[in-house]
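# Fold and geometry: a report
Residues per chain are reported as follows:
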Amino acid sequence: MVTAIVHINAEVDKIPEVAQKIAAIDGVSEVYSITGAYDLLAMVRVSAYEQVAEIIPGRLNKVPGVLHTETHIAFRAYSRHDLDAAFSLGLTESD
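The paragraphs below set out a description of the structure included in this document. None of the values given here were measured: they were computed from a predicted structure.

## Considering the sheet that holds strand E3 (residues 40–46)
Ordered by their spatial adjacency, four strands build an open sheet running E2-E3-E1-E4, and the pairing between neighbours is antiparallel. Bordering the open sheet on either side are strand E2 (28–33) and strand E4 (66–73), each of which pairs with just one other strand. Across the sheet, the mean angle separating the axes of adjacent strands is 20° when strand polarity is ignored. Sheet topology note: the strand E1 (residues 2–10)/E4 ladder contains seven bridges and is antiparallel. Bridge pairing in E4 links Ala4 to Ile73. Across the sheet, helix H1 (residues 15–23) is in contact with E1, E2, E3 and E4; its angle to E2 comes to roughly 165°.

Here it is in structure tokens:
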């Protein structure tokens, strides 16, 4: 599984609508309204790197109200959420 963390700046008066539209994109598992330099954080979880390119520049960046994004790819998962997802796909620790 490939996990991308996307920090998003959005038009202030459209943050809730932008968040809802991003959350509806296939491959986006969660969207959070956050404090700090960015307005939103989206978690993208897909099975292949090619899908990241389809989702982020292909769809997410084109949502009306998105001003800027910064994407980070996760190397390794340490959270219970990701470990549970891996085992539910039938993967083992040696995969």
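## A closer look at the side chain of Thr69
Considering the arrangement of structural elements, one finds Thr69 in strand E4. Judged by relative accessible area, which is 18%, Thr69 ranks as buried. Polar side-chain contacts of Thr69 include one of 3.0 Å to the side chain of Asn61. Not counting chain neighbours up to four residues away, the residues in contact with Thr69 comprise Val6, His7, Ile8, Leu60 and Asn61.

## Considering the pattern of salt bridges
Summed over the entire model, instances satisfying the criterion amount to two salt bridges. Notably, a salt bridge pairs Glu30 with Arg45, separated by 3.1 Å at the nearest N-O pair. Of this pair, Glu30 sits in strand E2 while Arg45 sits in strand E3, and the two are 15 residues apart along the sequence. Judged by relative accessible area, Arg45 falls into the buried class, the value being 14%.

## With respect to the environment of Ile8
Of note, Ile8 is situated in strand E1. Among the residues examined, Ile8 registers a relative accessible area of 0% and is labelled buried. Linking Ile8 and Ala42, residues 34 residues apart in sequence, is a C-alpha distance of 7.6 Å. When residues no more than four places from it in sequence are discounted, the contact partners of Ile8 are Ile22, Tyr38, Asp39, Leu40, Ala42, Leu60, Val66, His68 and Thr69.

Calculation criteria
- Residues numbered from 1 in each chain as written.
- Predicted model: local features only at pLDDT ≥ 70, side-chain atom pairs only at ≥ 80, totals over all residues.
- Heavy atoms only, no water.
- Pairing = 2+ DSSP bridges.
- Helix = DSSP H or I, 4+ residues; strand = E, 2+ residues; numbered from the N terminus.
- Axes fitted to C-alpha atoms, helices over the stretch in contact; angles between N-to-C directions.
- Contact = heavy atoms within 4.5 Å.
- Buried < 20%, exposed > 50% of the residue type's maximum accessible area, 1.4 Å probe, protein only.
- Polar contact = N/O pair within 3.5 Å; in protein donor to acceptor, adjacent residues only side chain to side chain.
- Salt bridge = Lys/Arg side-chain N within 4 Å of Asp/Glu carboxyl O.

These results come straight from atomic positions and should not be treated as a statement about function.
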